[in-house]
2 protein chains.
Amino acid sequence: MPSLIHSTPEADGFRMPAEWEAHAACWMLWPQRPDTWRNGGKPAQRAFVEVAQQISRFEQVTMGVNGDQYENARAMLPAEVRVVELSNNDAWMRDCGTTFVVNDKGDLRGVDWIFNAWGGLKKMMYFPWDKDDLVPAKMLEIESLDRYKAPLVMEGGSIHVDGQGTLITTEQCLLHPNRNPELTRGEIEKHLSDYLKIEKIIWLPRGVYEDETDGHIDNLCCFVRRGVVAMTWTEDKADPQYERSAEAYDALMSARDARGRPLEVHKIHQPDPMTMTQEEAEGLDVVDTAFLRPAGERLAGSYINFYIANGGIILPQFNDRHDEGARRKLAELFPQHKVVGLYSREILLGGGNIHCITQQQPAGRA
Amino acid sequence: MPSLIHSTPEADGFRMPAEWEAHAACWMLWPQRPDTWRNGGKPAQRAFVEVAQQISRFEQVTMGVNGDQYENARAMLPAEVRVVELSNNDAWMRDCGTTFVVNDKGDLRGVDWIFNAWGGLKKMMYFPWDKDDLVPAKMLEIESLDRYKAPLVMEGGSIHVDGQGTLITTEQCLLHPNRNPELTRGEIEKHLSDYLKIEKIIWLPRGVYEDETDGHIDNLCCFVRRGVVAMTWTEDKADPQYERSAEAYDALMSARDARGRPLEVHKIHQPDPMTMTQEEAEGLDVVDTAFLRPAGERLAGSYINFYIANGGIILPQFNDRHDEGARRKLAELFPQHKVVGLYSREILLGGGNIHCITQQQPAGRA
């Protein structure tokens, strides 16, 4: 029943909806690999269970899991979470998962990008990444939905859209030579336009300092609603993040969206700089072909890496003096949503946060 | 969403429908293990593709596959077959899969029997069988359907039902000490009644000669419609099958179904005795903990091991002089169905046939 479609979403009238549009479900992957997740993945698994449980209050969650962790995941997760086998190399559903697109009739399809583990053989985070690259096709097969194969190396975390033709990304990531060195900026823009139905791309220069993903937008800045964005900020001019946030702010203030509107920009102060402890680093396996996470390394903490569920915001918390301010600010920005703060350091230790481990499936035809 | 239910189908008003009642889909598992399937499974995989393709003409087919065979199965199967990861130890979906039950409103649930690879540690066909035993839970999770866990070692191939309270099985199989040695015949009957909503069990003595399953009913005899059964037969009194078929015939002729009706019994002549060739046996891996299939061994060929799809009969064929008679007889017995004969020796070499590798999912609420 599901088929590979050889046209493009744009040509067929399919667009990527904004994250705040109604969801049918949320997809996640179960954390397991002991070179990413300390202590055999057990602390991260408990954190993912909490994320899944909280999102389940607002929408159906499906957890994809390698066969050898099926029973453990099923036992740790609440009954309302659907657990399916979905072989993977790591747990970053935002980045390796399908990007769903919809048309005006409510039909649903998926875009299957090329995944190269954030850098291919030049700078991959781990090797191999073959199972991650098959995740979109398998998700769509389970749901009996058609699939577009996009000829672009891309991760879901490197884009945010307003659902009305505007996309934000960073030059640091999408123009990085480790992804599509043979493509020009114009060709990359054409692919984003063809596969997500985008008319206007707002390029910010760089992402968050020390972000392992070459500066994914989803840790720096996101749409809150049409014409409104939130971004991570610091008042500390000595922090290397200051310059990055300041230049992004300037770019946003001078940008126009696809409808020609200027953007309203909200700053959310970042947590104080955090580093990996000696004890945390010692819990990690050392693997030659995987990214090394040494003690003392700065963690790319940001409140922007939240997930928008149906009526809920699942927000990273760090036991930091800025946690409460972030919660309050998000509650203002999303007056119709319940803001749920979750202590998520264990996810951050693996190199991402709540947005990086989730992928919304838009509501299709009722 | 899917839950483990702690009552019984009978108590909740759920029954196992007859195979000819409308299906939503058919489930299969992909053959792979080189000690069951010769030449690395390649000939069997082609045979399974043919079965899936033919059933797809009548209803949706889902193929469950181990992760390491996903890409190969996806490439070999036609696009209309849904391929999902479903780890397994071997490909006998009839025996390890869930048995679906329905209620009068069209709600669908699944029964999850205990699977012990046709004999447990005393006479298993292979070791281990842990993945097979998880297949029902995983199928139901994919479909978001509730599950009953039945406290009975049982395979789907050891029962046939008429959907109106009658079940046929063999004493050889269901009373075999390798399955439920601690249960009496009465206790086994109670479990079948509780989990399938059965009022009358017709016990036949033995199954087909040299059937590896301790005489599964689905190779010997099946319901064709209410009050009517078909059974495998031979006119050769020197064949060890003669006595088995004759005693089954006598038992059937004196039986009454749950409604008190006598049965109309149709004999279908078996194919001539077949044995595994030297070349075929040499294509198998030898594994100490798995059943050995030597050259010269009699194969338990039977035309009864067909699958009833929506409007179609998928019937084993053996390039035998009795093939045409079986096709003709089935066409008479199923005047509303199209009879599709499939040369299925490769499946038989693994120890079963078309019914053994399929599992119908009844149509639920429209």
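Residues numbered from 1 in each chain as written. Chains lettered and ligands numbered in written order. Predicted model: local features only at pLDDT ≥ 70, side-chain atom pairs only at ≥ 80, totals over all residues. Heavy atoms only, no water.

A.B. asks: Go over the interface of chain B and chain A, please, and point to the residues and values.
C.D. replies: Listed by partner, the interface residues are 23 residues for chain B and 23 residues for chain A. For the pair chain B and chain A, the summed buried surface comes to about 1800 Å²; carbon and sulfur atoms form 47% of the total. At the boundary of chain B and chain A, one finds four salt bridges. Between Glu 85 of chain B and Lys 138 of chain A there is a salt bridge; the shortest N-O distance is 2.9 Å. The interface formed by chain B and chain A contains ten residue pairs in polar contact (both at pLDDT 80 or more). Residue assignment for the side of chain B that touches chain A shows that the elements contributing at least two residues are helix H3 (70-76), strand E4 (82-85) and helix H6 (130-142) of chain B. No other element matches the five residues that H6 of chain B contributes to the side of chain B that touches chain A. (Contact = heavy atoms within 4.5 Å. Buried area = accessible area lost by both parts, 1.4 Å probe. Salt bridge = Lys/Arg side-chain N within 4 Å of Asp/Glu carboxyl O. Polar contact = N/O pair within 3.5 Å; in protein donor to acceptor, adjacent residues only side chain to side chain. Helix = DSSP H or I, 4+ residues; strand = E, 2+ residues; numbered from the N terminus.)

A.B. asks: Can you break down the sheet that holds strand E10 (residues 200-204) of chain A residue by residue, with the values?
C.D. replies: Residues and elements named next belong to chain A. The strand order across the open sheet built from three strands is E8-E9-E10, with neighbouring strands paired in mixed fashion. At either margin of the open sheet sits one strand with a lone partner, and together these are strand E8 (160-161) and E10. The sheet contact formed by E8 and strand E9 (residues 166-170) spans two bridges and is antiparallel. In the sheet register, His 160 faces E9, and the bridge partner there is Ile 168. Contacts from helix H8 (residues 185-196) reach E9 and E10 within the one sheet, and its direction differs from that of E10 by about 130°. (Pairing = 2+ DSSP bridges. Axes fitted to C-alpha atoms, helices over the stretch in contact; angles between N-to-C directions.)

A.B. asks: An account of the relation of the copies chain B and chain A is requested, with residue identities and associated values reported.
C.D. replies: Each copy of the sequence occupies a distinct position, and chain B is placed on chain A by a rotation of 180° and an axial shift of 0.0 Å, giving an RMSD of 0.0 Å. In the structure described here, the two chain copies are related by an operation that fits a two-fold rotation axis. When each C-alpha of chain B is compared by its distance to the rotation axis, Glu 85 of chain B comes out closest, at 2.8 Å. Both copies share a contact surface, since 100% of the interface residues of chain B are interface residues in chain A too. (Least-squares fit on C-alpha atoms with pLDDT ≥ 70 in both.)

A.B. asks: So, the pattern of salt bridges: which residues are in play, and what are the values?
C.D. replies: Residues and elements named next belong to chain A. The full count for this structure, using the stated rule, is 48 salt bridges over all chains. Measuring nitrogen to oxygen at the nearest pair gives 2.7 Å for the salt bridge that ties Glu 155 to Arg 179. Highlighted residues: Glu 155 in the loop between strand E7 (146-153) and E8 and Arg 179 in the loop between helix H7 (171-174) and H8, separated in sequence by 24 residues. The buried category is assigned to Glu 155, whose relative accessible area is 1%. Classification of Arg 179 as buried rests on a relative accessible area of 4%. Each of the salt bridges in this network shares a partner with another, and the network as a whole consists of Lys 123, Glu 155, Arg 179 and Asp 214. (Buried < 20%, exposed > 50% of the residue type's maximum accessible area, 1.4 Å probe, protein only.)

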